[in-house]
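In case you want the letters, here they are:
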Amino acid sequence: MKTDVASARSTRGLESAFPGWEPSLLPWRRELPHRVFQPADPRVRGMVTVVEYRAEVAAARHDRPEAAPRRPSGTLEVGSIVDKYRIEQVLGHGAFATVYRATHLILQKQVALKLLHRHLLLKDPRFVDLLCEESRHTAQLDHPNVVRVFDVTRASEATYIVLEWVDGESLSKHVRRRGALSSAATVRVAQEVCAGLEAALARGLVHRDIKPSNVLLQRDGGVKIIDLGLARHDLTRSALGRDAVVGTPGYMAPEQATAAQSVDFRADIYSLGGTLYFARSGRLPMRIKTVEEVRRLGPSDQPRPLQEVAPDTPEALVRLVHAMMAFSPKDRPANYAELRRLLAAIA
């Protein structure tokens, strides 16, 4: 097994905001057969190859601090080239795609390249069209707490989304390696995620999959939301059906499983509450693995009190986190302005 230490640039900002941060190791590599993929740009056409992509889609997983993410079989080799992008590092794997750090060969710019799993191109082209349309819509959002979308390429050979490269790691990875955040750091993460979600809502976007792995902690101390790719519910219903359920069960608001067509921004407030619970305690709010388990939840099904799993958490933060995770949307903070006010009072 081969590993290479990631670029050793200054980590002072992230270390001060989130103590214990350190560069991660590059994932292990495997030799795979190659085939030619002609890039659209004539300046690099004919000079590159791309690894045959044969990824298997794993079942959606919820974050578990005690287990590292699994690497699907069939991942692009570091150094491979897709169109005008050279693969530098594997960043993560999801149900729809694998994300890489890549270099634009002409601009020499670092980006994140989300390469959709090949089986989606063959078996579910309507869903691929949905993801591309969502990305085009999200590209209009420019906010310091939201990862930018730069480009979308839809082709028979490969479909990928080019995103802003964020120098840091997910909240999920950070807590898994270093333990729970302090109360102060948890509140600051909440404030920045809240700002990003509020900006998205101003453009009619509801994330619907806020969770620790979709919150990035930057080296300089900033926080960014990723994966707004299924934010517009009207397009989701068009491609997946009226009752399509999108989200991660461990962080999903109850109404996402029972009344998907009426989900609004308060589902994101619920999921953010679950994310803060995890950030502060290192635990899932409730051990829920399937959408059916979410459907069976009732008003009496509540997370274990946060003060029991993180005893030194301020009472005001405990109350807010549980209010955000109220079973009924009407019992949660009424809007992001109210949530910002409550967070500021704690900070």
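In this numbering scheme, every chain counts its residues from 1 along its sequence in written order. Only residues with pLDDT of 70 or above have their local features reported here, since the model is predicted, and side-chain atom pairs are shown and tallied only from 80 upward, although totals for entire chains, interfaces and linings are computed over all residues. Excluding hydrogens and water, the side-chain figures rest on all heavy atoms present in the structure.

Colleague: Describe the overall build of the chain, with residues and values.
Modeller: Put simply, DSSP H or I for four residues or longer makes a helix, DSSP E for two residues or longer makes a strand, and each gets a number counted from the N terminus. Across its full length, the chain holds 12 helices and 11 strands. Exposure is judged per residue with a 1.4 Å probe applied to protein chains only, and the accessible area is read against the type maximum: over 50% gives exposed, under 20% gives buried, and values in between give partly exposed. Every one of the 347 residues in the chain was classed for burial, and the buried ones make up 53%. Counted over contacts in the chain with a minimum sequence separation of 6, partners at least 24 positions apart contribute 62%. The protein chains shown are the only cover counted for residues, whose accessible areas, like all others here, come from Shrake-Rupley with a 1.4 Å probe. Total accessible area computed for the chain in this model is approximately 15,700 Å², and 50% of it derives from carbon and sulfur atoms. Throughout, a residue-residue contact means that at least one pair of heavy atoms, one from each residue, lies within 4.5 Å.

Colleague: Requested: an account of the sheet that holds strand β7 (residues 149–154), with residues and values cited.
Modeller: The strand order β3-β4-β5-β6-β8-β7 describes an open sheet built from 6 strands, whose pairing is antiparallel. The sheet terminates laterally at β3 (81–82) and β7, the two strands that pair on one side only. By definition, two strands form a pair when at least two bridges between them are found by DSSP. Both strand β4 (residues 85–93) and strand β5 (residues 97–104) contribute to a ladder of 7 bridges, which runs antiparallel. Considered in β5, the bridge of Tyr85 is made with His104. Along the sheet face, helix α3 (residues 125–138) touches β6 (110–116), β7 and β8 (159–164) and points at about 155° away from the line of β7. In this description, a line fitted to the C-alpha atoms serves as the axis of each element, helices being fitted only across the stretch in contact, and the angle between N-to-C directions of two axes falls anywhere from 0 to 180 degrees.

Colleague: Account for helix α4 (residues 171–178), naming residues and giving values.
Modeller: Restricting attention to buried positions, one finds in α4 the residues Leu171, Ser172, His174 and Val175. For α4, the angular spread of the buried residues around the axis is 165°, confining them to a single face. Those residues of α4 that are buried lie in contact with β9 (168–170), β10 (215–218) and α8 (265–281). Summarising the geometry, the arc corresponds to the directions from the helix axis toward the C-beta atoms.

Colleague: Residues and numbers for the pairing of β7, please.
Modeller: Summarising the sheet, β7 and β8 pair through 5 bridges and their orientation is antiparallel. Residue pairing in the sheet places Thr153 in a bridge with Tyr160 of β8. Linking β7 to β8, which pair antiparallel, is a turn of 4 residues.

Colleague: Any details on the packing of aromatic side chains? Residues and values, ideally.
Modeller: Ring pairs are drawn from Phe, Tyr and Trp, using the six-membered ring of Trp, whenever the two centres fall within 6.5 Å, and their geometry is named by plane angle: stacked under 30 degrees, edge-to-face over 60, tilted for the rest. The tally for this structure, following the rule as stated, stands at 2 aromatic pairs. Taking the centre distance of 5.9 Å and the plane angle of 75° together, the rings of Tyr85 and Tyr160 count as edge-to-face. Placement of Tyr85 in strand β4 and of Tyr160 in strand β8 is noted, with a sequence separation of 75 residues between them. For the pair Tyr85 and Tyr160, a shared accessibility class is recorded, and that class is buried. Summarising the aromatic geometry, the rings of Phe265 and Tyr336 are spaced 5.6 Å apart at their centres and angled 50° between planes, so their arrangement reads as tilted. Highlighted residues: Phe265 in helix α8 and Tyr336 in helix α12 (residues 336–346), separated in sequence by 71 residues. Comparing Phe265 with Tyr336, the two get one shared label, buried.

Colleague: Which residues make up the pattern of salt bridges, and what values do they have?
Modeller: Here a salt bridge means any side-chain nitrogen of Lys or Arg lying within 4 Å of a carboxyl oxygen belonging to Asp or Glu. With the rule as written, the count across this model stands at 20 salt bridges. Between Lys330 and Asp331 there is a salt bridge, with its nearest N and O atoms 3.6 Å apart. For Lys330, a relative accessible area of 63% corresponds to the exposed category. Judged by relative accessible area, which is 47%, Asp331 ranks as partly exposed.

Colleague: Can you break down unusual backbone geometry residue by residue, with the values?
Modeller: A positive phi angle is found at Asp83, which is not glycine, with a value near 55°. Along the chain, Asp83 turns up in the loop between β3 and β4. Of note in this structure, Arg208 is not a glycine but carries a positive phi near 70°. Counting through the fold element by element, Arg208 comes out in the loop between α5 (183–202) and β10.

Colleague: Could you give an account of the packing of helix α11 (residues 315–324) against α12, naming the residues involved and the relevant values?
Modeller: One can describe the packing of α11 onto α12 by two numbers: an axis separation of 10 Å at closest approach and a directional angle of 160°. In terms of axis orientation, α11 runs roughly antiparallel to α12. Crossing hand, α11 versus α12: left-handed. Contact with α11, carried on its side by Ala316, Leu317, Leu320 and Met324, involves Leu339, Leu342, Leu343 and Ile346 of α12 and no other residues of that element. Under the scheme applied here, ten amino acids are nonpolar (Ala, Val, Leu, Ile, Met, Phe, Trp, Tyr, Cys and Pro), four are charged (Asp, Glu, Lys and Arg), and all others, including Gly, are polar. Along the lines of polarity and charge, the residues of the contact of α11 with α12 split into 8 nonpolar, no polar and no charged. Here is the rule for angles: anything less than 35 degrees is roughly parallel, anything more than 145 is roughly antiparallel, 65 through 115 is roughly perpendicular, and the remaining ranges are oblique. Handedness of a crossing follows from how the near helix is turned relative to the far one, being left-handed for an anticlockwise turn of less than a right angle and right-handed for a clockwise one.

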